[in-house]
Structure formats: C-alpha cells, structure tokens
Amino acid sequence: MSEHITATAHTNIALIKYWGKENADLNLPTTSSLSMTLDKFYTRTSVAFDHQAFEDRLILNEVEVDPGRVHKFLNIFRTEIADFGPVRVTSTNYVPTAAGLASSASSFAALTGAMSSLLKLDLLPSQMTRYARRGSGSASRSIFGNFAIWNKGEDDETSYAESFLNEDIGLSMIVAEVSAESKKMSSTKGMQLAQLSPDYAGWVAHSAQQLEDMKGALLRSDIEQVGLIAQDNSLAMHALNRTCPEPFDYFTDKTRELIAFVEDCYKAGLLAFVTIDAGPNVKIITSRSQESSLLARLKDNFPELQFDVAHAGPGIQIEA
Ligand code: PMV
C-alpha cells in the first residue's frame, strides 16, 4: 500500500437550499445556495493506492461496505486526470447517528481533498469544490469554513463554491433528532419530483432574491433576518414536495410539533427559527447568547428527543 493522505471536512447546513438539478450527471443546480459549515460534525477520510486490491475499497466506520458511489466518483479523476489503480478509502463519520444529519457533504468534501493530495493535483479551492460537487452537490460548500456560497453557474466550470464570509457571527444551530417515521427518499429523487411542482419556477425566482437578502443579513450579523429568511426558504422547499404530481413529505408529526413550538418561542420574544433538509430532523437557528435558554425549553417540552448544539466550523484540512 502507498502512503496515506488524510483529509477532514465538516458538514454544512444550507440557509438557502439547493433543491433541484439543471443537469443531474454533473450536479448543476437550478439555484445558487448558501450554507454554514458546522464545527461539531465532520468526516475524516484517508486514501492510499492499494496495490494488492483488484478494485476500489471503502471502509466506512470500520466496516467494509459497497464502494459503488465512491468508485463512480474516483472514476471522474481517472477519466479526466489520469488512470490509476485501486484506491483504499477509509472513512469515519463523526456525525452522530443520533443527530440524524446526512454525511454526504462532509464525506465527498473530505474524499476530494484527500484524492487531490494523493494525485498531487495542486487544485485551487474553487476547483476542489467542482469535484466535490460531482460527488454530492452540497459537498461543494464543505470545502470552506463559516459561510459559503455555491454559485449555480451554467456548466461544470462555472458551477463552483466560494467562501462568502469567513467569520463566526454568533449563530447557533440546535439539531433536534426526530425519529424517522416516514419512508426515506433520497435528495436526488426528491428534487426530481419537486421540480415537477407547478410552484417550482416561483420557488427558484424567490430563492435568488432570498440569497441577496441573506447575504445582507449575514454581513450585518442580523441573526433574526438570517433565521426568518432561512426558515421561509426551507419551508417553501418542503411545500414544493407536497404540491408536485407525486406528492411526498419529509415531515413527521414530531417535525410539525417542533416547528409550531419554535414559532411560539419566536412569538414569545426569543430568536428561534427552523431549517429542515431531506429528512424529518429539525435544525433550530438561534444566537449564541440565547442558545442555552432555548435549549432548556426544548428539552423540557421534548424530553424524548436528543439535541446537539453546533456553531460555525472550519474548512477542509489536509494532512500531508
Ligand atoms: O447534496 P445533496 O444531493 O445531498 O442535496 C442536499 C439537499 C439539501 O440538504 C436538502 C439542501 C442543501 O442545500 O444542502
């Protein structure tokens, strides 16, 4: 086996969501998106050429698993850069299953960083984001710490992510784990169906305005506006899922209870807003100074749920 290269990438949560593909092969999105990278959840991935193996191997959380998606991703480098032999990928997700967060963003970002170093590609961060994007769209944003924008672009070259604000503005995210009562639908399939909603074009147009408003709110460290815009954008994304020809819903009763509770907290004067991705779990946006009082209320009202608190986290780290 050759030398190991290890990279660590943190997961990110979109404040302005990616929910639709212009081109599914290249993961070119219908809208630009903006996210915060989280300190608490990350993936650490090592890669090495495996001269004894006949094919790529993936050891995930200490268990050898089907390398299908990783193999497909490595083939992009084989086709576009240079052919190379089997690679052993050893990856650990420090994303507690209890938090119910998807790990594809941190996984493909870490794998991109590790592979670019193993292949001695010397990529610019923007080039790295383009490879990560092809593994999983949201992975493009995990190359950067704090706040990142993935510019939708028009083709492979122009669809890349960049740092928007490399500063911790004191935003907290409380992640509530809601047990998955509903059947899971992949984000790819969910997007495909949502794009058939009669409201889809309206969501796309509104998202462009929300992105501009979000940028302004972040630059002013205006957490109330950040929360209000993120909440609107996310709830409208989920409304698309219910209005497409084959309606579906990621929410469970518990998701809806949490949304109502967070709304009541806001009405009572707290900074409290929700953002929800392709699953029933709820991420609650608040400020660092109100985080502990909001967390105490959540724990009192939902003693059956587990909560994790996350703040802004770092960009990709590659160990030579
Ligand atoms: O990167 P994907 O294909 O797993 O899609 C992510 C989709 C959302 O998490 C719902 C939104 C986003 O922008 O991260």
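As shown above, the structure is provided for reference.
A quick note: this is a predicted structure, and the numbers were derived from the prediction, not measured. (Residues numbered from 1 in each chain as written. Predicted model: local features only at pLDDT ≥ 70, side-chain atom pairs only at ≥ 80, totals over all residues. Heavy atoms only, no water.)

Asker: Which parts of the structure should I look at to understand the overall build of the protein chain?
Answerer: Scanning the protein chain from N- to C-terminus turns up eight helices and 14 strands. Here the protein chain has a C-alpha radius of gyration of 19 Å; the compact-globule value for 320 residues is 20 Å, and the two agree. For the protein chain, the proportion of its 320 residues judged to be buried stands at 56%. For the protein chain, contacts bridging at least 24 residues in sequence account for 74% of all contacts bridging at least 6. For the protein chain, the computed accessible surface area is about 13,700 Å², with 49% contributed by carbon and sulfur atoms. (Helix = DSSP H or I, 4+ residues; strand = E, 2+ residues; numbered from the N terminus. Rg over C-alpha atoms; globule rule 2.2 N^0.38 Å. Buried < 20%, exposed > 50% of the residue type's maximum accessible area, 1.4 Å probe, protein only. Contact = heavy atoms within 4.5 Å. Areas by Shrake-Rupley, 256 points an atom, 1.4 Å probe, with all protein chains shown as cover.)

Asker: Explain the site of the ligand to me, please; I cannot follow it from the model alone.
Answerer: Y18, S136, S138, R141 and S187 are the nearest of the 14 residues found near the ligand. Contacts to the ligand include G137, whose backbone N or O atom sits 3.5 Å from an oxygen atom. Protein contacts shield 90% of the accessible area of the ligand, which totals 380 Å² for the unbound molecule. Class assignment of the residues belonging to the shell around the ligand gives a composition of six nonpolar, five polar and three charged. (Near = heavy atom within 4 Å. Polar contact = N/O pair within 3.5 Å; in protein donor to acceptor, adjacent residues only side chain to side chain. Nonpolar A, V, L, I, M, F, W, Y, C, P; charged D, E, K, R; others polar.)

Asker: I keep staring at the side chain of T30 and nothing clicks. Help me out?
Answerer: Here T30 lies in the loop between β3 (28-29) and β4 (33-49). Residue contacts for T30: discarding those within four places in its chain leaves W19, G20, K21, E22, K152, Q195, Y200 and V204.

Asker: Please explain the sheet that holds strand β10 (residues 171-177) as it appears in this structure.
Answerer: In a beta sheet, neighbouring strands pair by backbone hydrogen bonds and run either parallel or antiparallel. The four strands are arranged β11-β12-β10-β13 in an open sheet whose pairing can be described as antiparallel. In this open sheet, the two strands that pair with only one neighbour each are β11 (273-275) and β13 (306-310). The mean inter-strand angle of the sheet, taken between neighbouring strand axes irrespective of direction, is 30°. Pairing analysis gives five bridges linking β10 to β13, with the strands arranged antiparallel. When the sheet's bridge partners are listed, I174 is paired in β13 with V309. Each of β10, β11 and β12 (282-287) touches helix α6 (residues 223-243); the most contacted strand, β11, lies at about 40° to it. Sitting on the sheet, helix α7 (residues 253-267) touches β10, β11 and β12, and the angle it makes with β11 is about 150°. (Pairing = 2+ DSSP bridges. Axes fitted to C-alpha atoms, helices over the stretch in contact; angles between N-to-C directions.)

Asker: In this structure, what is going on with the packing of helix α5 (residues 200-219) against α6? I would like to understand it.
Answerer: Geometry of a packed helix pair, given as the angle between the helix axes and the separation of the axes. Close contact between α5 and α6 brings their axes to 9 Å; oriented N to C, the two are set at 165°. With respect to α6, the axis of α5 lies roughly antiparallel. Every pair of crossing elements has a handedness; the one defined by α5 and α6 is left-handed. Within the contact between the two elements, α5 uses Y200, W203, S207, Q210, D213, M214, A217 and L218 and α6 uses Q225, V226, I229, A230, D232, N233, A236, M237 and L240. By residue class, the composition of the contact of α5 with α6 is eleven nonpolar, four polar and two charged. (Parallel < 35°, antiparallel > 145°, perpendicular 65-115°, else oblique. Left-handed = near helix turned anticlockwise from the far one by under 90°.)

Asker: What should I look at first to understand the pattern of salt bridges in this one?
Answerer: A pair can form between side chains of opposite charge whenever their charged atoms are brought close. Inspection of the entire model under this criterion finds 23 salt bridges. One salt bridge in this structure joins E22 and K152, with 3.5 Å as the shortest N-O distance. Within this pair, whereas E22 is found in strand β2 (residues 21-23), its partner K152 is found in the loop between β8 (147-150) and β9 (161-165), the two being separated by 130 residues in sequence. For the salt bridge of R134 with E80, the shortest nitrogen-to-oxygen distance reads 3.0 Å. Note that R134 is positioned in helix α3 (residues 125-135) and E80 in helix α1 (residues 68-80), a separation of 54 residues in sequence. (Salt bridge = Lys/Arg side-chain N within 4 Å of Asp/Glu carboxyl O.)

Asker: Teacher, can you tell me more about the nonpolar core here?
Answerer: Across soluble globular proteins, nonpolar side chains have a tendency to be buried as a group. Counting 46 residues, the largest nonpolar core has W19, V47, F77, V87, V89, L111 and M115 as its most contacted members. Of the residues forming this core, the biggest block, seven residues, is contributed by helix α2 (residues 104-118). Filtering out sequence-adjacent residues up to four positions away, F77 remains in contact with A82, F84, M115, L119, L121 and Y131. Formed by 29 residues, the second largest nonpolar core is a distinct cluster that contains F41, I169, M214 and A230. (Core = buried A, V, L, I, M, F, W, Y, C linked by side-chain atoms within 4.5 Å.)

Asker: What should I look at first to understand unusual backbone geometry in this one?
Answerer: As a rule of thumb, non-glycine residues mostly have phi less than zero, and peptide bonds are mostly trans rather than cis. Of note, N27 is a non-glycine position whose phi angle comes to about 55°, a positive value. Turning to its location among the elements, N27 is positioned in the loop between β2 and β3. The exposure class assigned to N27 is buried, which follows from its relative accessible area of 6%. A positive phi angle is found at N146, which is not glycine, with a value near 50°. Mapped onto the secondary structure, N146 falls in the loop between α3 and β8. The exposure class assigned to N146 is buried, which follows from its relative accessible area of 11%.

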